[in-house]
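# A look at the structure
For reference, the chains in residue letters:
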There are 2 protein chains.
Amino acid sequence: MNLQSLNTPAALIDVARMNHNIARMQRRLDALGVAFRPHVKTSKCEPVVQAQLAAGARGITVSTLKEAGQLFAAGIRDIVYAVSIAPGKLPQALALRRAGCSLKLVADSLAGVDAIVAFGREHGEAFEVWIEIDVDGHRSGIPPEDAALLPVAHALVNGGMRLGGVIAHAGSSYEYDTPEALARIAEQERAGTVRAAQRLRDAGLPCDVVSIGSTPTALAAEHLDGVTEVRAGVYVFFDLVMHNVGVNDTSEIALSVLTTVIGHQPEKGWAIVDAGWMAMSRDRGTQRQKHDFGYGLVCAESGDVLGDYLMTTANQEHGVISRNGAPDSDIERRFPIGTRLRILPNHACATGAQYPEYVALGTDGELTTWPRFSGW
Amino acid sequence: MNLQSLNTPAALIDVARMNHNIARMQRRLDALGVAFRPHVKTSKCEPVVQAQLAAGARGITVSTLKEAGQLFAAGIRDIVYAVSIAPGKLPQALALRRAGCSLKLVADSLAGVDAIVAFGREHGEAFEVWIEIDVDGHRSGIPPEDAALLPVAHALVNGGMRLGGVIAHAGSSYEYDTPEALARIAEQERAGTVRAAQRLRDAGLPCDVVSIGSTPTALAAEHLDGVTEVRAGVYVFFDLVMHNVGVNDTSEIALSVLTTVIGHQPEKGWAIVDAGWMAMSRDRGTQRQKHDFGYGLVCAESGDVLGDYLMTTANQEHGVISRNGAPDSDIERRFPIGTRLRILPNHACATGAQYPEYVALGTDGELTTWPRFSGW
């Protein structure tokens, strides 16, 4: 197997870039004096996660119990499931814990805690639960000063569960693109979560873990006083959305889609490739950012950006490559049928999810298939 | 396994609705006097395709050679790969033909034909090729009156390949939403493709097949004189995009995502569910249509539409359900934690692709797992 003969489309991981990204984040969080618990929802791929752990990460974050099960089977015990658990999934969580997985759950409501307590008591299991804090009105969680925080915490403890700590994610950090704004939302995430932890401790409740994080805030925080661990996911590959946010250069994007030119509409300046939205995902995350990259930024097969060529539109298995701005009247000669290109994606988590496997491109040019799991 | 205990999120196929959709399209094309060759890219699922064939379809259309290989292995021989083939995929196509698959290829350029001819001659294989016709400037193909049509056809025949016919897809039909506009684009698709066939025949070239189709044009065409077969894909499930186009009612949508409520932000009128964009796909196809359904339309677990509740935003594993228009101040009591809902998708092809399997809900309430393949 070599790059020149690889079937297209394929999801390529540039291992040198990935290792650079892993080292960059680990170095930064070491310097900030906090533990790092990467979010594996981006890759869902054991070799990637093992590289993160080998570089110093402690434990992992998952977005599904499928991820927990797959990575526990690969020998990883310290796992937080960072989504409020649906009551119907408690038997799966119990089975993982009984098998030896140190699985931590998340809750942000009395009703959610009541379901965990009832099930835990019925089965004699003291689940460890972290309370989700809402630091930016983005999604889930209890705001730091909200009256509901202490009743939820007391219900957990009185119900015989283990209150492990607090967890927050400033998802709105993706909406900013200046260092000042990113530093501000990072501090808001830190301060709000630490405040919630303080309220628990002031009430005599335990709160060992203060867990925060997103790729932008992890890279923008000026200090992390009071925080015990940070979570981040997409940094491992980076992507065009994160490039627009301002936290990576395009030369740091480790995931790309290898594709082949299959046709042209020369008078429109189009080359047609065999990667459409099935290969890129439907994610158009850069659409409302400062630079709209369409369905992706075009690179040569080597991985070097080719200038201002984008995948401007996509059908299921057809992508249209054209020059941003003026049409390229010479596109048929520039990219003849059979030309192989690499497309940098808007959103690595979404693009990776379109593939049952990655192809890892090693520093020596060697290719290795890395399986990827999906589903729930 | 029953609906009430099924793990969420899950991709449910309502088999009664699917069978209704299959019968509706087959009846219509029977009445129009043309063969029907469904596009399997929507389902990528053998039981669905077998139901289409059992109802009268003749052969299938595929968007990838993976689909061709999987369905040939299931016993289906008559297959057209409706994407211009990348030269690097010719060995795969050859292997399928040598194994007994009647695989037809598509080309729309001299360079594409030259690659097929060179490879075919080298391996002593007379590939059957259909020439793609561009009837609406939507994507690929040679316009019906274009000077390139005859040279491409002659190059195929003179190169020893078999010219099987012409094939077109009026992809722009998705952009219309009135019966008049749909009838007009359907006639444009028919007339352009028949005209291209006539030009080939006038030049003494063979053109047995005149293949057209899309779900909207197949349902809108007033007659199909000169056409030999129609292709359509998404009709098997239908979706909200097609609903906006005007070809199906929401009660005909056969694919939905089963999900569970995991939390609330009551003051915002939000219920949070365990289906995010990973479960729905990032497809926001209704965004620029007359009715924007967000990430999907909310139904009860039974499948009945609940009124004007949408999945308004989505993160990877979180969906936000809210009432379109005025926030529902009572949402916490309306949809308590643990409530199970079904979400109708924007685009069935994209949503199905997020799952390794469907769960088929039979008319008797019985559930069956139907595997789905993916990748290339």
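Look above for the structure.
Residues numbered from 1 in each chain as written. Chains lettered and ligands numbered in written order. Predicted model: local features only at pLDDT ≥ 70, side-chain atom pairs only at ≥ 80, totals over all residues. Heavy atoms only, no water.

## Side note on the sheet that holds strand β8 (residues 209–212) of chain B
Residue and element names in this part refer to chain B. Judged by pairing direction, the sheet is parallel, and its 8 strands sit side by side in the order β2-β9-β8-β7-β6-β5-β4-β3 without closing on themselves. Two strands bound the open sheet, and with one partner strand each, they are β2 (35–36) and β3 (60–62). As judged from the 2 bridges shared by β2 and strand β9 (residues 229–230), these two strands associate in the parallel manner. Its bridge partner being in β9, A35 is matched across the sheet by E229. (Pairing = 2+ DSSP bridges. Helix = DSSP H or I, 4+ residues; strand = E, 2+ residues; numbered from the N terminus.)

## A closer look at the interface of chain A and chain B
Between chain A and chain B, the residue contacts involve 53 residues of the former and 53 residues of the latter. D274 of chain A is the salt-bridge partner of K89 of chain B, the closest N and O atoms lying 2.4 Å from each other. Looking at the side of chain A that touches chain B, the elements that each hand over two or more residues are α5 (110–123), β10 (255–265), β11 (270–273), α10 (277–280) and α12 (348–352) of chain A. Among the residues making up the side of chain A that touches chain B, the classes are represented as 20 nonpolar, 23 polar and 10 charged. (Contact = heavy atoms within 4.5 Å. Salt bridge = Lys/Arg side-chain N within 4 Å of Asp/Glu carboxyl O. Nonpolar A, V, L, I, M, F, W, Y, C, P; charged D, E, K, R; others polar.)

## Observations concerning the environment of D108 of chain A
All names here are of chain A. Relative to the elements of secondary structure, D108 occurs in the loop between β5 (102–107) and α5. Sequence-wise, D108 and L149 are 41 residues apart; in three dimensions their C-alpha atoms are separated by 8.2 Å. If we skip the residues at most four places from it in the chain, D108 touches S84, E132, S140, G141 and I142. From its side chain, D108 meets the backbone nitrogen of G141 in a polar contact 2.8 Å long. (Polar contact = N/O pair within 3.5 Å; in protein donor to acceptor, adjacent residues only side chain to side chain.)

## Side note on the sheet that holds strand β6 (residues 128–133) of chain A
Residues and elements named next belong to chain A. Pairing is parallel in the open sheet, where 8 strands are placed in the order β2-β9-β8-β7-β6-β5-β4-β3. Sheet topology places β2 (35–36) and β3 (60–62) at the edges, where each strand pairs with a single neighbour. Strand direction decides the pairing type here: β3 and strand β4 (residues 78–81), joined by 3 bridges, are parallel. Within β4, the position partnered with V62 by the bridge is Y81. Where helix α6 (residues 149–158) meets the sheet, it contacts β6 and β7 (162–168), and its direction lies at approximately 175 degrees from that of β6. Each of β6, β7 and β8 (209–212) is contacted by helix α7 (residues 179–202), which is oriented at about 160 degrees to β8, the strand it contacts most. (Axes fitted to C-alpha atoms, helices over the stretch in contact; angles between N-to-C directions.)

## Here's the deal with the packing of helix α1 (residues 15–32) of chain A against helix α2 (residues 46–54) of chain A
Each pair of packed helices can be summarised by the angle the axes make with each other and by the distance between the axes. Residue and element names in this part refer to chain A. Remark: α1 packs on α2, axes separated minimally by 10 Å, with the N-to-C direction vectors making an angle of 40 degrees. Crossing geometry of α1 relative to α2 is assigned as right-handed. Taking contact as the criterion, the partners of M18, N19, I22 and Q26 in α1 are, on α2, V48, A51 and Q52. Of the residues that constitute the contact of α1 with α2, the class distribution is 4 nonpolar, 3 polar and no charged. (Left-handed = near helix turned anticlockwise from the far one by under 90°.)

## So, the relation of the copies chain A and chain B
The transformation that overlays chain A on chain B combines an axial shift of 0.0 Å with a rotation of 180 degrees, and the residual RMSD is 0.0 Å. Accordingly, the operation relating the two chain copies is best matched by a two-fold axis. Scanning chain A for the C-alpha nearest the rotation axis identifies R282 of chain A, at a separation of 2.5 Å. When you check the interface residues of chain A against chain B, 100% turn up at the interface there too, and the contact is symmetric in its surfaces. (Least-squares fit on C-alpha atoms with pLDDT ≥ 70 in both.)

## Regarding the packing of aromatic side chains
Taken as a whole and judged by the stated rule, the model has 10 aromatic pairs over all chains. Looking at R284 of chain B, its charged tip hangs above the ring of Y295 of chain B, at a distance of 5.6 Å from the centre. (Phe/Tyr/Trp six-rings, centres within 6.5 Å; stacked < 30°, edge-to-face > 60°. Lys NZ or Arg CZ within 6 Å of the ring centre and 35° of its normal.)

## Digging into unusual backbone geometry
Trans peptide bonds make up the majority, and among non-glycine residues the majority have a negative phi. Note the cis peptide between T8 of chain A and P9 of chain A, where omega equals -5 degrees. Even without being glycine, F238 of chain A reaches a positive phi, approximately 55 degrees. Considering the arrangement of structural elements, one finds F238 of chain A in the loop between β9 (229–230) and α9 (240–245). A relative accessible area of 1% places F238 of chain A in the buried class. The phi torsion at S281 of chain B lies on the positive side, around 80 degrees, for a residue other than glycine. (Buried < 20%, exposed > 50% of the residue type's maximum accessible area, 1.4 Å probe, protein only.)

## Some remarks on the packing of helix α6 (residues 149–158) of chain B against helix α7 (residues 179–202) of chain B
All names here are of chain B. Relative orientation of the contacting elements α6 and α7 amounts to 60 degrees, with a least axis distance of 10 Å. Compared by their axis directions, α6 and α7 come out oblique. For the pair α6 and α7, the crossing hand works out as right-handed. Residue-level contacts link L149, L150 and A153 of α6 to A196, R199 and L200 of α7. The residue inventory of the contact of α6 with α7, partitioned by class, reads 5 nonpolar, no polar and 1 charged. (Parallel < 35°, antiparallel > 145°, perpendicular 65-115°, else oblique.)

## Regarding the pairing of strand β4 (residues 78–81) of chain B
Residues and elements named next belong to chain B. Crossover handedness for the path β3 to helix α3 (residues 65–73) to β4: right-handed. In terms of strand pairing, β4 meets strand β5 (residues 102–107) through 3 bridges, oriented parallel. Residue pairing across strands places V80 opposite K104, the latter belonging to β5. (Right-handed = clockwise from strand over helix to strand, strands pointing away.)

## Focus on the pairing of β5 of chain A
For a regular strand, the rule is simple: side chains alternate between the two faces of the sheet. All names here are of chain A. Summarising burial for β5: 5 of the 6 residues are buried, a large majority. Pairing analysis gives 4 bridges linking β5 to β6, with the strands arranged parallel. In the strand pairing of β6, K104 is matched with E128. Handedness of the crossover is the feature at issue here: the chain leaves β5, passes through α5, returns alongside β6, and the resulting connection is right-handed.

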